[in-house]
Structures are given as C-alpha cells and as structure tokens.
Amino acid sequence: MAQAERVIAWLEDARCARFEIDRDLVGGASINAYGVPITDVVTAKARAADAVLFGAVGGPQWDKEPFDNRPEIAILELRKQLGLFANLRPAPVFDALVDASPLKANLVQGLDIMIVREATGGIYFGEPRGIENLVDGSRRGINTEVYTTNEIERVARVAFELARTRSGRVTSVEKSNVMESGLLWRQTVTILGASEYADVKLTHMYADNCAMQLARNPRQFDVILTTNLFGDLLSDLASMLTGSLGMLPSATLGAVTANGHRNALYEPIHGSAPDIAGKNIANPLAEILSLAMLLQFSLSMPDEAEMIRRAVSNALVEGLRTADLSPEGHATVGTREMGDAVLRQLKG
Ligand code: IPM
Ligand code: MG
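Everything numeric here is computed off the predicted structure, so don't read it as measured data.

Colleague: Residue-level account of the packing of helix H11 (residues 302–317) against helix H12 (residues 335–347), with values.
Modeller: Where H11 meets H12, the axes come as close as 8 Å, and the angle between the chain directions of the two elements is 120°. In terms of axis orientation, H11 runs oblique to H12. Here H11 runs over H12; the crossing is right-handed. Taken together, the residues of H12 that come into contact with H11 (itself represented by Met-307, Ile-308, Ala-311, Val-312, Asn-314, Ala-315 and Leu-316) are Met-338, Ala-341, Val-342, Gln-345 and Leu-346. Along the lines of polarity and charge, the residues of the contact of H11 with H12 split into ten nonpolar, two polar and no charged.

Colleague: Describe the side chain of Ser-30, listing the residues and the values that go with them.
Modeller: Position of Ser-30 relative to the elements: it lies in helix H2 (residues 27–34). Within the structure, the side chain of Ser-30 is placed 2.5 Å from the backbone oxygen of Val-36, a separation counted as a polar contact. Ignoring sequence-local partners within four residues, the contact set of Ser-30 consists of Leu-25, Gly-35, Val-36, Pro-37, Ile-38 and Thr-39.

Colleague: Just give me the short version of the packing of helix H6 (residues 149–164) against helix H7 (residues 180–196), but keep the residues and values in it.
Modeller: In contact at an axis separation of 9 Å, H6 and H7 are set at 50° when each is read in the N-to-C sense. Between H6 and H7, the angle is such that the two are oblique. Judged by the twist between their axes, the crossing of H6 over H7 is right-handed. Together, Thr-149, Ile-152, Glu-153, Val-155, Ala-156, Arg-157, Phe-160 and Arg-164 of H6 and Leu-184, Trp-185, Thr-188, Val-189, Leu-192, Gly-193 and Glu-196 of H7 make up the contact between the two elements. Of the residues in the contact of H6 with H7, the class split is eight nonpolar, three polar and four charged.

Colleague: Quick one: what's the story with the pairing of strand E8 (residues 223–226), residue by residue and with numbers?
Modeller: Where burial is concerned, the two faces of E8 agree: the one with Val-223 and Leu-225 and the one with Ile-224 and Thr-226 are both buried. Here four bridges tie strand E3 (residues 112–118) to E8, and the two strands are oriented parallel to one another. Directly across from Arg-117, in E8, lies its bridge partner Thr-226. The pairing of strand E6 (residues 169–174) with E8 spans four bridges and is classified as parallel. Across the sheet, the residue bridging to Val-170 is Val-223, located in E8.

Colleague: An account of the pattern of salt bridges is requested, with residue identities and associated values reported.
Modeller: This structure, assessed with the given rule, holds 16 salt bridges. One salt bridge connects Glu-132 with Arg-140, and the closest N-O pair in it is separated by 2.7 Å. Glu-132 gets classed as partly exposed once you look at its relative accessible area, which sits at 31%. When salt bridges that share partners are traced, they join Asp-22, Asp-24 and Lys-45 into one network.

Colleague: I'd love a proper account of the pairing of strand E2 (residues 86–92), names of residues and values included.
Modeller: Of all seven residues in E2, six are buried, a share of seventy percent or more. Of the pairings in the sheet, the one linking E2 to E3 comprises seven bridges and is antiparallel in character. Bridging across to E3, Pro-90 finds its partner in Met-114. Note that E2 and strand E9 (residues 249–256) share three bridges and pair antiparallel. Its bridge partner being in E9, Ala-86 is matched across the sheet by Leu-253.

Colleague: Summarise unusual backbone geometry; cite the residues concerned and give the values.
Modeller: For the bond from Glu-127 to Pro-128, the omega torsion is 0°, close enough to zero to count as cis. Topologically, Pro-128 is positioned in the loop between E3 and strand E4 (130–133). With phi around 55°, Asn-280 is a residue other than glycine that occupies positive phi space. The class for Asn-280 is partly exposed, based on a relative accessible area of 36%.

Colleague: Outline the nonpolar core, listing residues and values.
Modeller: Soluble, globular proteins show a tendency: their nonpolar side chains are buried together. Counting 51 residues, the largest nonpolar core has Met-247, Ile-308, Val-312, Leu-316 and Val-342 as its most contacted members. Elements with a minimum of two residues in this core: helix H1 (2–13), E3, helix H8 (207–216), helix H9 (228–241), helix H10 (285–297), H11 and H12. Listed in part, the 28 residues of the second largest apolar core include Phe-85, Tyr-147, Ala-163 and Trp-185.

Calculation notes
- Residues numbered from 1 in each chain as written.
- Chains lettered and ligands numbered in written order.
- Predicted model: local features only at pLDDT ≥ 70, side-chain atom pairs only at ≥ 80, totals over all residues.
- Heavy atoms only, no water.
- Axes fitted to C-alpha atoms, helices over the stretch in contact; angles between N-to-C directions.
- Helix = DSSP H or I, 4+ residues; strand = E, 2+ residues; numbered from the N terminus.
- Parallel < 35°, antiparallel > 145°, perpendicular 65-115°, else oblique.
- Left-handed = near helix turned anticlockwise from the far one by under 90°.
- Contact = heavy atoms within 4.5 Å.
- Nonpolar A, V, L, I, M, F, W, Y, C, P; charged D, E, K, R; others polar.
- Polar contact = N/O pair within 3.5 Å; in protein donor to acceptor, adjacent residues only side chain to side chain.
- Buried < 20%, exposed > 50% of the residue type's maximum accessible area, 1.4 Å probe, protein only.
- Pairing = 2+ DSSP bridges.
- Salt bridge = Lys/Arg side-chain N within 4 Å of Asp/Glu carboxyl O.
- Core = buried A, V, L, I, M, F, W, Y, C linked by side-chain atoms within 4.5 Å.

Purely spatial values, then, with no claim about function.
Rendered as structure tokens:
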C-alpha cells in the first residue's frame, strides 16, 4: 500500500489529479484497535468514497478470534454492505514475465484472461449456514450455495459488457452437472446472452474442466464468468499462469445508481502473506495495478491507468524481480525498490 501511495503522490505532483485520501483500519489491525474486523464508521466511509483502495486481511495472530470476528469479515462485509457483486480479476501475462510462469512460454505468451467472479452471493453468504450439534453427539457443518436469477443476470451483464470491449467471448463456468444452482446459472446466462448479447460468443464449461483447461491451454479464454467460490479458486490458479499471485489486481464493482455513483473497491487478489509481512520483500505490483484499475473504472482516468500499467511493465523489463517472481538463486529487489522502479518509469 505504501508503494501505491507513492504512485498517488506522483499523480498529484504531475498534476494529473488531486486526491482526497482517508485511511482507516480493517482486519486484524482493526480488531486490535477497535475489537472488531471492521467498524460501522469505516463501512460508511467506504460507501461515501468514490473508491476504496484495499490492502489485505488475515494473519495467524488472529487465528483464535471467534469465527464471526475473524479478519476476513472485513472484506466480506465491505463486499456485502456496499453491494459489490462483480469482482473483476484480470490475469494478463507481462512479456517480461513469460519465463516466471510455471507453464511453458508458448502456452502463456500474450495471455490475457479476465475473470468475472460473483462476489456477494453463492455459498459465501447462503443460508442456512453454521455448525450444529446432532443428537448422537456428532456435529454437522452447513453452507448453502444459492443464486437467484437477478443475481446471475447482473453479474453476467458485467461479463458480457466487458467481453464487448475485448475479444468478444464469454465462458460461463459452474457445475450444472451436479448442482441445481449451477443449472439455473447456465440457463439464465444462456437466455440473457441470446436475448441481449447475441454478438458475444458464449460457451459453458464445468468448473473442474475449467481448472484443467486453464493449465492445459489458457489462451482459449477471454472473459470467464463464474460464481463466488469457483471464482475464488480459478483466479488463484489463473494468477500463477502470469508468474505470481503477487501480480494480480482486482476491482469489485456495485451497480451504477441513478446519480451515476458506483461503489467500488480495488484490491490485490493475494492475501496478507503474514510470513513475509514487514520485511520489505512483498511484491507491490498487484496493489499498484489495483490503483490503475481504480483510475480506470472509478475516476474515468484510462490514460493514467495505462501509464501505470506501462510503468509496471517497463520496470519488469528493467529486469527487477521481487522474490516471488524470481527463480531461486537470482538477485531480487525489495518492495520499496520495486516501487522506486515504477516511479522511475513514470518520471522517465
Ligand atoms: C479473495 C480472498 C477472500 C475470498 C478471503 C480473504 C475472504 O481469498 O479475495 O480471493 O475468499 O474472497
Ligand atoms: Mg481468494
């Protein structure tokens, strides 16, 4: 986050924009300060803001917190309370990182996938849920996968619209061979596609097959539209194709309201990586690229967004690698040095 803030400061210095920034705590830091993973005050601030730039939550210090007070509640609450139903997770392969991918270069060169993950429904929020005691003394854990046609349609629209700005293809991913909610998902997306997006090429895939296809031939995909849980899994998988989980930004968008406002949150898809926290070795690029998405989707600044993406790409061309991007034994740079390189490129 510190490196992303340096990029914001540069945007101000270069007179691209003036930002009004308010910082606050979520997750474990908020539990330590206020006793809860997110306060109502923070949620209200996030709702009022044009956009939220989010870090990450979680860590072993809070493993003993009650389940309903764990750090992860912060991000789940923000998604739910702000109605952030469309989680956009782009997975582009930077040319300079082709060799960092565990897949062969010829499979990932030029790869550019966009995962659209539903983010306020499905098994993450479905009722009933909980752990109950059974009469025989054993216990039962329950979560429920549930989707309504409205929930499916609004996130599918985001995927179809995005596909129109890209190569015009959507792959809708579920398990309609096993789950009724998946069957409804497939039927609903099919009807919407045929009635409103006939120009977009729509295909369907079972989630397990999608995981296999992502490893076998990822370039077959353009936009992947999927549920909350499958999107969580498949986006981690897709991130590794690009070289590192440390590279992937995301945007989570709400509906556009009558006055044109749209709640939005931007965050790296990686977690808090507690094992490397505070050591100046984390890769800052996913956070910086999240800022680029913020400029693009919330502030109507596509040129500045592109400038940042180019600066990141050029910093990688310079040969700098944080540890996550570097094969064992190769020289690495720290978080701040990677930030320096991005700023150098922006200034250059
Ligand atoms: C993600 C994360 C979150 C999720 C966790 C931190 C709750 O894994 O954004 O992918 O499961 O959605
Ligand atoms: Mg995840």
